[in-house]
Amino acid sequence: MNITFILGNGFDLNLNLQTDYKSFYNFYIGLPNKGKYSASIAKLKEGLNSYITQASKSATDIESIDWSDLEIGLGQYVKEISSEEEYEAVYYDIRNSLGRYLKIQEDRLISMPPVDIHSFYLNLTDLEIFLLPVDVPILQNLKERRGPNKYYIRILTFNYTKTFEHILGSNKSYVLPGDIKAFVSEVRHIHRQIDQLILGVNDISQINNSALLNNDFVKETLIKPSHCSTYGDNHSSQCLEYINQADLVVLYGVSIGDTDRKWWEAIANRIRTDRLCSIIIFWYGHNAENYDTDGPRRTREERKVREKLMTKMRLSRDEKSVLEHRIFVHLIRNDKRIFDFPRLPDSYDSLVVDLEI
């Protein structure tokens, strides 16, 4: 049984790492604007704030302002830039600032207490406990058909931080009761780690600047697939391999944003070509605590999340009707949580940095 987890920022937030967009933005606007293009950097900060304010007004009850909004906002702001030199100064200012900020957050993991590895591996394999009773037989059938006694777990993460690796430590295999064996492969960071982080949009249509639209350097930095290819390795194809090998794809803590459309379409291709392959989405739902006693509202929220994913996957109407029964939504509740780890203490001192660096 091959299970591929795709982790987003919610995985870090679950530990109380302050890796949300708003926390970074508050850090970023406090940094001085330096150099020849200091005015352009200041204007970027103002522009991002304006874009996010506008986006927040149109957010629905299952949408929130997140990293995808920042990246879309960056692609929109490029219209204000007139030269490659100015673009480079502005882009690397925010990219390097983000790297500094995330390193501060990642360093907080040293204070995290050890995780119960047995419970951790149950979370990675015993996923039917989070499904509705009516859906459990479907996942159990999948396990029986693909091998219930051996699990190969592959981790893809949109996060730049090495949070999952820190939790896993050296425990890359484990034997569960009933002689069920589980193995975790190398964790692959879709947009690389902090020292090589990729920040940008999905494709050229999300860059709003006709003058720079065909500039190779702009495309190689701001379009994420192009940026990844500049390193000259097969990183992206290795990440896609994890999806293409999956019997079950598990999404946790992701925002399903437009700037990662490539990956939602890759998942769509997988479930099109494998009639058993299924998807579980763990989603933080508003008022999820009350849904046990309110089936219609729970069903409505699940339907919205499922529809959002299928739309980002670019499934046709006919495909949606065929494939939606293999997409399960679990609305996360405080009393029934996957990855229910001890949270790091609040840390405000960690955000104090030398602004003259």
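Refer to the preceding data block for the structure.
Residues numbered from 1 in each chain as written. Predicted model: local features only at pLDDT ≥ 70, side-chain atom pairs only at ≥ 80, totals over all residues. Heavy atoms only, no water.

A.B. asks: Quick question: what am I supposed to make of the pairing of strand β7 (residues 278-284) here?
C.D. replies: Regular strands have side chains that alternate between both faces of the sheet. In terms of residue burial, β7 counts as a mostly covered element, since six of its seven residues are buried. By the bridge criterion, five bridges tie strand β6 (residues 248-252) to β7 in an arrangement that is parallel. By the bridge assignment for β7, V249 is matched with I279. This β-α-β element, β6 to helix α12 (residues 261-273) to β7, shows right-handed connectivity. (Buried < 20%, exposed > 50% of the residue type's maximum accessible area, 1.4 Å probe, protein only. Helix = DSSP H or I, 4+ residues; strand = E, 2+ residues; numbered from the N terminus. Pairing = 2+ DSSP bridges. Right-handed = clockwise from strand over helix to strand, strands pointing away.)

A.B. asks: Before we go on, may I ask you to explain the packing of helix α2 (residues 21-28) against helix α5 (residues 84-107) in this structure?
C.D. replies: It is the contact of α2 with α5, at a shortest axis distance of 10 Å, that shows an interaxial angle of 115°. Taken together, the axis directions place α2 and α5 in an arrangement best described as roughly perpendicular. Relative to α5, the crossing made by α2 is right-handed. For the pair α2 and α5, contact is made by S23, F24, F27 and Y28 and by D93, I94, S97, L98, Y101 and I104, respectively. (Axes fitted to C-alpha atoms, helices over the stretch in contact; angles between N-to-C directions. Parallel < 35°, antiparallel > 145°, perpendicular 65-115°, else oblique. Left-handed = near helix turned anticlockwise from the far one by under 90°. Contact = heavy atoms within 4.5 Å.)

A.B. asks: Would you take a moment to explain the packing of aromatic side chains for this structure?
C.D. replies: For any pair of aromatic rings, the description rests on two quantities: the centre-to-centre distance and the angle between the ring planes. In the structure shown here, the tally under the stated rule is 27 aromatic pairs. Each ring, one from F11 and one from F164, has its centre 5.9 Å from the other, and the planes form 40°; the classification is tilted. Residue F11 is located in helix α1 (residues 9-13), and its partner F164 is located in helix α8 (residues 163-168); the two are separated by 153 residues in the primary sequence. For the pair formed by F11 and F164, the shared burial category is buried. Relative to F164, the ring of F120 has its centre 5.4 Å away and its plane inclined at 50°; by these criteria the two rings are tilted. Of this pair, F120 sits in helix α6 (residues 117-125) while F164 sits in helix α8, and the two are 44 residues apart along the sequence. The pair formed by F120 and F164 is uniform in burial state, with each residue classed as buried. (Phe/Tyr/Trp six-rings, centres within 6.5 Å; stacked < 30°, edge-to-face > 60°.)

A.B. asks: Looking at this structure, I do not really get the nonpolar core. What am I missing?
C.D. replies: Buried together is how nonpolar side chains tend to be arranged in soluble globular proteins. Formed by 43 residues in total, the largest nonpolar core has its most connected members in F5, F120, L127, F164 and F339. Per-element accounting of this core gives the leading share, four residues, to α6. When near neighbours in sequence (up to four residues on either side) are disregarded, L127 contacts I3, F5, L139, K143, L248, V250, I280, F282 and I338. Counting residues in each nonpolar core, the second largest holds 33 residues, with F24, I41, Y77 and L212 among its members. (Core = buried A, V, L, I, M, F, W, Y, C linked by side-chain atoms within 4.5 Å.)

A.B. asks: In this structure, what is going on with the pairing of strand β2 (residues 150-157)? I would like to understand it.
C.D. replies: The element β2 is extensively covered by neighbouring structure, given that six of its eight residues are classed as buried. Note that strand β1 (residues 2-7) and β2 share six bridges and pair parallel. Of the residues in β2, the one forming a bridge with N2 is Y152. Inspection of the sheet shows β2 paired to strand β4 (residues 180-184) by four bridges, in the parallel sense.

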